[in-house]
Every structure is written in structure tokens, then in C-alpha cells.
Amino acid sequence: MDARSPDLSPAAGWRADAPVTKSLAEVNATVAVPAAGRWWRRLLAFVGPGYLVSVGYMDPGNWATDLAGGSKFGYTLLSVILLSNLMAILLQSLAARLGIVTDRDLAQACRATYSPAVNFLLWLACEAAIIACDLAEVIGTAIALKLLFGIPLIGGALLAALDAFLLLLLMNRGFRFLEAFVIALLAVIAVCFAVQIVAAAPPVAEVLHGFMPKSEIFTNPEMLYIAIGIIGATVMPHNLYLHSSIVQTRAYERNDTGRREAIKWATTDSTIALMLALFINAAILVVAAATFHKSGHSDVAEIGQAFELLSPLLGLGIASTLFAVALLASGLNSTVTATLAGQIVMEGFLDLRLPSWARRLLTRGIAIVPVIVVTAIYGERGTADLLVFSQVVLSMQLPFAVIPLVRFVSDRRKMGQFAIPGYVAAIAWIVAGVIVILNVKLLVDTLFG
């Protein structure tokens, strides 16, 4: 069977009436993959999608939760960052496997399995996650523009709408060009934080101890709220839809051998990229802990506060500027990936196709409204609270993406010989269960605590 025309019979586990079109058809199978040669040439052919996915794990929403966690609780929540990153590595590998084996992205797989009513509800949940992510990008970009150029927050939020055309420009140059742009900005972010880590000189023993899980994370409501925000900011639901689609941009052979190779290299790519995300997230928290928590500034939860205090406390004049440059690079990168995810979700669930610029302006317009309203009423403090809240909203949407994904990749009717082994499925279901339990506890504490 040609993977480009999957078997739609009920025996294959899909609804017989579910049409299949190529995910991101304009770039599907456009990146050449060498059939022979050294292993590193094949790996390089697959390098890219993992870094696009990793962008969502270090977007401006992560900054708020990492800063709040580091300044208030020191290095304690490093264990949460590590745990959420390990969850991300597993879940993203499953998303890549689904896309490569079935030639469906996660949204298309849902549409081919569930009833129209269920699909509509799943689409709404995913759109809420994308809007929450976009909210974080608007706030992050606006704050970066203010810190670097003195543009007021409301003006910066309005300017952020113009980046709707950035993806169009990049996509017109080819998918590889888009990937190169994203990787270049990730390198900028990594260098900025590497310099700050060196300047902060955190005690290595305390940092390593922070990666050990603590029971107080679950028992302390305030710590748990930030911890769930970190998980929501790290394991992002729309990234699962994104990854299951963009791995299909590679022109691997659509047969069992080609798929097996593609799974191996795509998983390697995303794992390496997510380790970079782990470094950057941990670096933000470590800098906050070593700089703010250590000096008694335990209430630093706003990006603007961090910018003002970094250079004086670190004794490095360029530290604050590097922080703002990294934030702007993060916001621009997140714009690209969130736009792609929005297109994949809308086309996959609804088979509704809008021009990229229209799709971007629509979601960004929805995100800009609360930013402007909150900024006008509560000022910068309100946007900081809104940023952390957006990450908790993201965490609330995770089960609606994770549970279908794990179900699909565990199903031999859908995946055949590529279905995940029982022990991997058990771990994946445990991860899904942890996410659901944490979300339920957060809801109970919020409503009745």
C-alpha cells in the first residue's frame, strides 16, 4: 500500500468516509532525503522539524513561568522542567511516528476516527491552546519591543500583528529556508543565555540538587500552580499536531523500510532539539534563582522586572540587552510555528483552508484584544499574570491532544507493525495520567482552595 493513499477501510481502523489529503500539501515531501551514503547525511536531511517543534518549548510563556519559579523557589522546580522535557521527548517521538506511518497528522487522524461532534470539540480545545500560545507571543514580543526600543506595550502588541506576513515570506523561499531561519534564532537565544549563565555563576551542587524531585511541589498550592504552568508551557498540545505534519515534508520512501528509517532519524532530530530546549528553560530558571532568589528578590515574576535587575545584580552591562534580544527572537520564532500549527489544525479537523495571512491575522487579532484590555486596566503587572495564566490554559488542553495520540500509536489496526510496544504504551499512558491528575488537582485548588 502506498503511504500517500492510506487504506480507508474500517479494517484499517479509520472511518470509511474520512477523506485524506496531504498535510501541509504545499510542502509535503519537498525536502530530499539521500537513499544511500553516510549516516550523518541522512540525519542532516531530517534535521529541522525537531527544532521547529522545540521553539514551542522555549516561547515567551516559558519565560514567565521559569522566572516566577526561579525567583520564588530557587532551583526546586528544575526537576519539573526536566520531567516535562522527558515527557515532551516521548510525546513528540510518538507524534512523529504517527505522521510518518499513516501520512496523517494528528488532526487528520482524529477526523478519520471520531464523530463530527467530537472532532469539533477537539478542534475548539486545540484552538484555545493556540490562542493561549499566541497570547504569550503577543505579550513577549510587545515586552521585548518596549525593552529594546521603548515602544509602549499596547503599540508593541499592535505591531506584533504585522508578523502575520513573516511566515508567508519564509514559506515562499522553501521549507528548508524556514527551518534555517528558526535554527538561527534558536542559536541567538542559546548564546544569550550561555553568557548569562557564565555571569550568574550558579553553584553547581545546588543546580544538580534542583533536578531531584521534591514532594513539596505537589503539596504547596502556589508551587504546584507554577509547576503546572511550566508543564503547560513546555509540553505544548499544538506541537503534537505540528510535529505529526512537518515530518512529512521529508521525501523518504513511502514503504516499510523508508518509514522505519524516517522514524529513527526524526526521533533523533527531535530529541537533540528538545535537549536544547531543556538547556534554555533550565537556564532561564537558573539565572532567575542565582540572580533574584539569591539576592532576596523572590517576587520577580515579570519579564520587565527581570530586564531591569539583571545587569545591576550580575554586574554585566550587556546582560539585560541579551535578555531582551533573546526574548524578541523567541517571540518571532514562536510566531512561525504557531501559525503553522493553526493551519494544520484547521485543515485537519475541519478541512477548511484559509490563506496563511488571514489565518494569522485572525488568531493574532483574538490574542491582541485581551492584551490591550488587561494592559489598559492593570498595566504591566496584569500582562505578567496573564502570561502565566495562558500557560496554565495550555496545560488544561494537553489531555485533549495527548490521549488521542497515545491511543492511535498503540493501535495495531492503525499502525500495523509500527504500533508502539506495550511498555512504551504503558509509559505514555502514565504520562497522560499524570497530566490529567495534575490538571484536576489544579482545578480543585483553584475552585475550592
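Bear in mind the structure is a predicted one, so any value in this text is a computation, not a measurement.

Along its length, the chain carries 20 helices and zero strands. A buried classification covers 59% of the 449 residues belonging to the chain. Taking contacts inside the chain between residues at least 6 apart in sequence as the whole, the part at least 24 apart equals 84%. In the structure as shown, the chain presents an accessible area of about 16,700 Å², 69% of it carried by carbon and sulfur atoms.

Glancing now at the packing of helix α9 (residues 175-200) against helix α14 (residues 256-293). Interaxial distance between α9 and α14 falls to 9 Å at its minimum, and their mutual angle equals 35°. Along this stretch, α9 crosses α14, giving a crossing that reads as left-handed. Taking contact as the criterion, the partners of Leu 186, Ile 189, Ala 190, Phe 193, Ala 194, Gln 196, Ile 197 and Ala 200 in α9 are, on α14, Leu 276, Phe 279, Ile 280, Ala 283, Ile 284, Val 286, Val 287, Ala 290 and Thr 291. By residue class, the composition of the contact of α9 with α14 is 15 nonpolar, two polar and no charged.

On to helix α16 (residues 319-350). The end-to-end C-alpha separation of α16 is 46 Å, in line with the 46 Å expected for 32 residues at 1.5 Å each. Among the 32 residues that make up α16, 28 are buried, leaving the element largely enclosed by the rest of the structure. Positioned one or two residues after α16, Asp 351 has a phi angle of 55°, which is positive.

Moving on: the packing of aromatic side chains. Each pair of aromatic rings is reported with the distance of its centres and the angle of its planes. Summed over the entire model, instances satisfying the criterion amount to six aromatic pairs. When the centroid spacing of 6.5 Å and the interplanar angle of 25° are considered together, the rings of Phe 46 and Tyr 252 count as stacked. With a gap of 206 residues between them, Phe 46 in helix α1 (residues 39-46) and Tyr 252 in the loop between α13 (237-246) and α14 connect regions that are remote in the sequence. For Tyr 252, a relative accessible area of 5% gives the class buried. Just above the ring of Phe 177 sits the side chain of Arg 173; from NZ or CZ to the centre is 4.3 Å. Over the aromatic face of Tyr 252 sits the side chain of Arg 254, whose NZ or CZ is 3.8 Å from the ring centroid.

Summed over all chains, the structure comprises nine salt bridges. A salt bridge links Arg 111 to Asp 351; the nearest nitrogen and oxygen atoms lie 4.0 Å apart. Of the two residues, Arg 111 is situated in helix α5 (residues 106-111) and Asp 351 in the loop between α16 and α17 (356-378); the sequence distance between them amounts to 240 residues. Through salt bridges with shared partners, a single network forms among Arg 42, Glu 261 and Lys 264.

So, about a nonpolar patch on the surface. Together, Phe 120, Leu 121, Leu 124, Leu 350, Leu 352, Leu 354 and Leu 362 give the surface a local cluster of nonpolar side chains, amounting to about 590 Å² of exposed area. In terms of residues, the nonpolar patch owes the most to one element, helix α6 (residues 116-149), which gives three residues. For Leu 350, the location among the structural elements is in helix α16. Judged by its relative accessible area of 31%, Leu 350 is partly exposed.

With that settled, the discussion passes to unusual backbone geometry. In the Ramachandran plot, Ala 29 falls in the positive-phi region, its phi being about 55° despite a non-glycine side chain. With respect to the helices, strands and loops of the structure, Ala 29 is situated in the segment before α1. Of note, the phi angle at Ala 201 is positive, near 45°, even though the residue is not glycine. Inspection of the secondary structure assignment puts Ala 201 in the loop between α9 and α10 (204-210).

We now examine the confidence of the model for the chain. Chain-level pLDDT for the chain is 83 on average; 87% of the residues reach the 70-or-more range. The secondary structure element of the chain with the lowest average pLDDT is α17, at 68, and the one with the highest is α5, at 94. Taken together, the stretch residues 1-11 has pLDDT below 50 and engages in 31 contacts with residues farther than four places along the chain or on a different chain.

Given a rise of 1.5 Å per residue, 38 residues ought to cover 56 Å, and the 53 Å separating the end C-alpha atoms of α14 matches this to within 8%. The N-cap residue of α14 is Asn 255: its side-chain oxygen and the backbone nitrogen of Thr 257 are 3.2 Å apart.

This paragraph deals with the nonpolar core. Among the nonpolar cores identified, the biggest contains 140 residues, and Leu 77, Leu 94, Phe 193, Tyr 241 and Phe 323 are the most heavily contacted of them. With 19 residues, the top contributor of residues to this core is α14. Core analysis: the next-biggest nonpolar cluster, separate from the first, contains five residues, Ala 129, Ala 132, Cys 133 and Leu 394 among them.

Turning our eyes to something else, we now look at the packing of helix α4 (residues 78-102) against α13. Put simply, α4 and α13 touch, their axes get as near as 7 Å, and they point 40° apart. Put simply, α4 runs oblique to α13. Once α4 is placed against α13, the crossing between them reads as right-handed. Across from Leu 91, Gln 92, Ala 95, Ala 96 and Gly 99 in α4, the residues of α13 making contact are Asn 239, Leu 240, His 243 and Ser 244. Looking at the contact of α4 with α13 residue by residue, the class counts come to four nonpolar, five polar and no charged.

Before going further, it helps to examine the side chain of Arg 259. Here Arg 259 lies in helix α14. Of note is the side chain of Arg 259, whose polar atom sits 3.4 Å from the backbone oxygen of Val 101. A distance of 3.4 Å separates a polar atom in the side chain of Arg 259 from a polar atom in the side chain of Asp 256.

Before going further, it helps to examine the environment of Asp 103. With respect to the helices and strands, the residue Asp 103 is situated in the loop between α4 and α5. Taking the relative accessible area as the measure of exposure, Asp 103 reaches 6% and is therefore buried. Expressed as a C-alpha distance, the spacing of Asp 103 and Gln 248, which sit 145 residues apart in the sequence, is 7.1 Å.

Another point: the state of the cysteines. Applying the stated rule across the entire model yields zero disulfides. The thiol of Cys 126 is unpaired, and the distance to the nearest cysteine sulfur, on Cys 110, comes to 9.0 Å.

So, how was this worked out
Throughout, a residue's number is its position along its own chain's written sequence, starting from 1. The model is predicted, so local features are restricted to residues of pLDDT at least 70 and side-chain atom pairs to those at 80 or more, both for listing and for counting; the totals for chains, interfaces and linings are taken over all residues. Only heavy atoms go into the side-chain values, all of them from the structure, while hydrogens and water stay out. Only DSSP runs of H or I reaching four residues or more are called helices, and only runs of E reaching two or more are called strands; each is numbered from the N terminus. For every residue, the accessible area (1.4 Å probe, protein chains only) is compared with the maximum for its type, and the residue is labelled buried under 20%, exposed over 50%, or partly exposed between those bounds. Should any heavy atoms of two residues lie within 4.5 Å, those residues are counted as being in contact. Residue exposure ignores everything except the shown protein chains as possible cover, and the areas themselves are Shrake-Rupley values with a 1.4 Å probe. Note on method: axes are straight lines fitted to C-alpha atoms, helices fitted across the in-contact stretch only, with angles between N-to-C directions ranging 0 to 180 degrees. When the near helix sits turned anticlockwise from the far one by under a right angle, the crossing is termed left-handed; a clockwise turn instead gives a right-handed crossing. Three residue categories are used. Nonpolar comprises Ala, Val, Leu, Ile, Met, Phe, Trp, Tyr, Cys and Pro, charged comprises Asp, Glu, Lys and Arg, and polar comprises the others, including Gly. Given a helix with a known number of residues, its expected span is that number minus one, times 1.5 Å. Pairing of aromatic side chains requires ring centres within 6.5 Å, counting the rings of Phe and Tyr and the six-membered ring of Trp. Pairs whose planes differ by under 30 degrees are stacked, by over 60 edge-to-face, and all others tilted. In this analysis the charged atom, NZ for Lys or CZ for Arg, is taken to sit over a ring once it is within 6 Å of the ring centre and within 35 degrees of the ring normal. Note on definitions: salt bridges are taken to be side-chain nitrogens of Lys or Arg within 4 Å of carboxyl oxygens of Asp or Glu. Patches draw on residues past 30% relative accessible area with no salt bridge. Two like charges within 9 Å are joined, as are two nonpolar side chains (Val, Leu, Ile, Met, Phe, Trp, Tyr) within 5 Å. Each residue carries a pLDDT value, the predictor's own confidence for that position, ranging from 0 to 100. Whenever a nitrogen or oxygen atom comes within 3.5 Å of another N or O atom, the pair is scored as a polar contact, on the condition that within protein one atom can donate a hydrogen and the other can accept it, and that pairs from neighbouring residues in sequence are kept only if both atoms are in side chains. In plain words, nonpolar cores are sets of buried Ala, Val, Leu, Ile, Met, Phe, Trp, Tyr and Cys residues tied together by side-chain atoms within 4.5 Å. The cut-offs work like this: below 35 degrees is roughly parallel, past 145 is roughly antiparallel, 65 to 115 is roughly perpendicular, and the gaps in between are oblique. When two cysteine sulfur atoms are found within 2.5 Å, that pair is recorded as a disulfide.

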